[in-house]
Amino acid sequence: MRFRIRHTTTDRYRRPVTLGTHRLLLTPRGDHDLRLLARELECEPEADLEWMLDVFGNIVATARFAEPACELVIAADILIEQMASEWPVFRIAPGAHSYPFSYSDDEAADLGALLCPIHDDENGALVLWAKGFVLASPTDTLSLLKDIDAGITEAVAYRTRDEEGTQSPLRMLSLGSGSCRDIAALFNDAVRHLGFGARAVSGYLFDPDATDGGSGATHAWAEVYLPSAGWIAFDATTSASVLPT
C-alpha cells in the first residue's frame, strides 16, 4: 500500500525574528516493510539544508536560515510504500518465549540505554505497578507485554496536550491521562523496569474512515525488542478513552 504524507508546519511572529538552526526529523526511516519512494522538503524563507543519519539511523535535515522573517513554513512531501502484514506472526527465539529471559551479551550492548528507565521512580512505585502484571514465573513473554499495554489503556485516558516535554510515568498514573507520547513513555519505563529493551517511535496514525477532511495525525507509540522477532510495536493510545479538550 502506498501513502503520500504532506506535513506542513507554519510559525508566525509579530515582527521579523532571526531564525536559529532547525533540526528536522520529517523523513520516515525505511526498513524491511517500509520503503521510502520520494521525498521533498521545502522551507520558506529558503534554508540551506544539510542531510545526515543520526546514531539511530534516523534521516535528519539541518536547516540554516540567512535572513530574518515574520513567518516560517516547513513543508515535507513524502511518498512511501508499506508492505507490513495486517496480522504479523512474530518468530521469537525459543529462549525468549517465556519471561524472565536474558538478552545475549551482544544484544544487551547494542540496546544500551534502551534498557534503562529514564524517569525517577519514587519508592519503586512504577516497578511495583509493572510487576503486578507478572502473574507467574515463568510466564508467556508476549502475553505479559500485551497485558501491560491493556493495563495502561485501563489506567489512563488520552488527551491532547500541547505543553512541551513528556509527563513522567508516575504523574501519568496519578492524573489518569496524557498524550500519546506520555503513554508511550509510561509503557517504555514500565517494561524497562522488567528488563526489556524498549524505544519510543514517532510517525503518523492513519485512519481511512476519518471524515474531518484529513486521514492522518502525528502519533507516538512504543516498541519492544525481542530476540529473533526484532522490534514489536505496542500502542495503548489507540484503545484508550479520549478526554474532551
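A few points on the structure. As the structure is a computational prediction, the values presented were derived from the model and not from experiment.

Basis of the calculations
Residues numbered from 1 in each chain as written. Predicted model: local features only at pLDDT ≥ 70, side-chain atom pairs only at ≥ 80, totals over all residues. Heavy atoms only, no water. Helix = DSSP H or I, 4+ residues; strand = E, 2+ residues; numbered from the N terminus. Core = buried A, V, L, I, M, F, W, Y, C linked by side-chain atoms within 4.5 Å. Buried < 20%, exposed > 50% of the residue type's maximum accessible area, 1.4 Å probe, protein only. Contact = heavy atoms within 4.5 Å. Expected span 1.5 Å × (residues − 1). Pairing = 2+ DSSP bridges. Axes fitted to C-alpha atoms, helices over the stretch in contact; angles between N-to-C directions.

### Remarks on unusual backbone geometry
So, point 1. Here the bond from E44 into P45 is cis, since omega is 5 degrees, no more than 30 degrees from zero.
So, point 2. Checked against the element boundaries, P45 lands in the loop between strand 3 (34-44) and strand 4 (47-53).
So, point 3. Here the bond from S137 into P138 is cis, since omega is 5 degrees, no more than 30 degrees from zero.
So, point 4. Assignment of secondary structure puts P138 in the loop between helix 2 (125-131) and strand 8 (139-140).

### Some words on the nonpolar core
A general feature of soluble globular proteins is that nonpolar side chains tend to end up buried together.
So, point 1. Within the largest apolar cluster, 31 residues are counted, with the highest numbers of intra-cluster contacts made by F187, F196, V224 and L226.
So, point 2. Going through the elements one at a time, helix 2, helix 3 (141-155), helix 5 (180-193), strand 12 (216-226) and strand 13 (230-234) are the ones with two or more residues in this core.
So, point 3. Those residues in contact with L226 that sit more than four places away from it in its chain are I92, F101, T141, L142, L145, F196 and I232.
So, point 4. Ranked by size, the runner-up nonpolar core spans 18 residues in total, among them I5, L19, F65 and I80.

### So, helix 5
So, point 1. The end-to-end C-alpha separation of helix 5 is 20 Å, in line with the 20 Å expected for 14 residues at 1.5 Å each.
So, point 2. Most of helix 5 is tucked away, with 12 of its 14 residues classed as buried.
So, point 3. G195, located one to two residues past helix 5, shows a positive phi value of around 100 degrees.

### Description of the sheet that holds strand 2 (residues 22-27)
So, point 1. Reading across from one edge, 2-5-4 is the order of the 3 strands in this open sheet, with antiparallel pairing throughout. This sheet does not close on itself; its edge strands, each paired only once, are strand 2 and strand 4. Strand-to-strand, the axes of this sheet are offset by a mean angle of 30 degrees, without reference to chain direction.
So, point 2. Relative to strand 5 (residues 59-65), strand 4 runs antiparallel, the two being bridged by 7 bridges. Looking at the pairing, E50 lines up with T62 of strand 5.

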